[in-house]
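Below are the chains, spelled out letter by letter.
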Amino acid sequence: MITIKKVTTKADYKAFVKFPFKIYKDSKYWVPPIISQELATFDAKKNPIFNDAEATLFLAYKDSTVVGRVAGIINWLEVKDQNIQKMRFGWFDFIDDLEVSKALIDEVVKIGMENSLDYTEGPVGFSNLDKVGVMTQGFDQVSNMIAWYNHEYYIKHYEALGFKVEKKYSESRFPFKNVKPEFFFKAQELIKRRYKLTPLKFTKTSQVMPYVDRMFDLFNESYASLSSFVAITDIQKAYFKKKFISFINPEYIKFVVDKDDNLVAFAIVMPRFAAALQKMNGKLLPVGFLKLLKAKKESKDVMFYLIGVHPDYQNKGVHAVIFNEYYNTFTEKGIQTCYRTPELEDNEAIHKIWKHFDPEVYVRRCTYKKVL
């Protein structure tokens, strides 16, 4: 018999966050989240997304044992401002038992119908900076800290529950040796002269901070045309600044400005923390934080997290300036492999800028949709 319980207590939240540690404990490919960060994500006092969104978390029990979890999410900026009547859901994990997955998704559907929403889609997070998609290919590949890993049986559950594929994503990688500077060196010199652009170099996080708010503004502008995009609010900017920027090597953050110091392009690359996170097993203390610092300093693999170009400068080759800056930095650091985060398969613009590097798609994923 399946029992569904709404998450309300500290013990419930810990059980919710720790459930994946149970079903993936024997996996060589799952990368554990940092438990304290996951708990903070669902803390309305710490995460400003709750000013504009709400989340209801559920746990599924079978014989007093947790066997599944799900978060039902409504982003009211999306619903009210964009008139997208969507019930989101994420953090959807379960044992291979259709009764469990159905009981959990029924709770999500119920909330959506109570709020007169048109459909539910997931797995997604609160915003575009959260994890997205269920894996459909690449189960034998080590995951990363900014994407969900899942068992292969998840797919048959979505199909059995009446979901249809909504959006498709792919994750790619390429060896750094594939990067040939002749594809962008001359172009970037011409582009800098033509548009009077200057790339900014950073060696300290304190140098980055004055530009971060402008970066998020540019992120909102450059990604606005993509499906399911929800803009980052001012209060969220401060939250993400505190949460992410200190984890990123300042030399891996690249900005391009015009003659008036207006930000026209940005890119953020992170060390690939997968191996360190697997060793930490979700715990920052007592030595987990040191493992992260070691990976930050020594990792020879990197992940392109975000890249954005102002609409006025798109299709003008500005990405060549960014690539040239990274080529110099990665050469100095001895980087071996470059990874890309999940990208919409219909985002032709982003795919075109990587084509010269001969990237290999190693993971595919998608979101699923169900009409309410």
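Above: the structure in question.
Only a predicted model underlies this, so the values are computations on that prediction, with no experimental measurement involved.

**Some words on the packing of aromatic side chains**
Argument step 1. Under the definition given, this model contains 41 aromatic pairs.
Argument step 2. Ring geometry for phenylalanine 176 versus phenylalanine 330: centroids 5.8 Å apart, planes at 75°, classification edge-to-face. With phenylalanine 176 in the loop between strand E7 (164-175) and helix H6 (185-195) and phenylalanine 330 in helix H11 (residues 319-333), this residue pair connects regions lying 154 residues apart in the sequence.
Argument step 3. With relative accessibility at 2%, the residue phenylalanine 330 sits in the buried group.
Argument step 4. Relative to phenylalanine 330, the ring of phenylalanine 304 lies with its centre 6.1 Å away and its plane at 75°, an arrangement referred to as edge-to-face.

**Brief notes about the pattern of salt bridges**
Argument step 1. Enumeration according to the criterion identifies 24 salt bridges in this entry.
Argument step 2. Taking the shortest distance from any N to any O, the salt bridge between aspartate 234 and lysine 237 comes out at 2.9 Å. Of the two residues, aspartate 234 and lysine 237 both sit in helix H8 (residues 234-244), three residues apart, roughly one turn of that helix.
Argument step 3. On the basis of relative accessible area, aspartate 234 is assigned to the exposed category, the value being 60%.
Argument step 4. Via salt bridges that share partners, Glu78, Lys86, Arg88, Glu121, Glu166 and Lys167 belong to a single interconnected network.

**A few points about the packing of helix H7 (residues 205-223) against H8**
Argument step 1. Put simply, H7 and H8 touch, their axes get as near as 10 Å, and they point 125° apart. Relative to H8, H7 is oriented oblique. Handedness of the crossing formed by H7 with H8: right-handed. Seen from H7, the contacting residues are Met209, Val212, Asp213, Phe216 and Asp217; seen from H8, they are Lys237, Phe240 and Lys241.
Argument step 2. Split into classes, the residues belonging to the contact of H7 with H8 amount to four nonpolar, no polar and four charged.

**Let's talk about the pairing of strand E10 (residues 263-271)**
Argument step 1. Within E10, nine of the nine residues are buried, which leaves the element mostly enclosed by the surrounding structure.
Argument step 2. Here five bridges tie strand E9 (residues 253-257) to E10, and the two strands are oriented antiparallel to one another. Looking across to E10, one finds that valine 256 is bridged to alanine 265.
Argument step 3. Here E9 folds back onto E10, and the loop between the two strands holds five residues, one of which, aspartate 261, carries a positive phi near 70°.

Definitions and cut-offs
- Residues numbered from 1 in each chain as written.
- Predicted model: local features only at pLDDT ≥ 70, side-chain atom pairs only at ≥ 80, totals over all residues.
- Heavy atoms only, no water.
- Phe/Tyr/Trp six-rings, centres within 6.5 Å; stacked < 30°, edge-to-face > 60°.
- Helix = DSSP H or I, 4+ residues; strand = E, 2+ residues; numbered from the N terminus.
- Buried < 20%, exposed > 50% of the residue type's maximum accessible area, 1.4 Å probe, protein only.
- Salt bridge = Lys/Arg side-chain N within 4 Å of Asp/Glu carboxyl O.
- Axes fitted to C-alpha atoms, helices over the stretch in contact; angles between N-to-C directions.
- Parallel < 35°, antiparallel > 145°, perpendicular 65-115°, else oblique.
- Left-handed = near helix turned anticlockwise from the far one by under 90°.
- Contact = heavy atoms within 4.5 Å.
- Nonpolar A, V, L, I, M, F, W, Y, C, P; charged D, E, K, R; others polar.
- Pairing = 2+ DSSP bridges.

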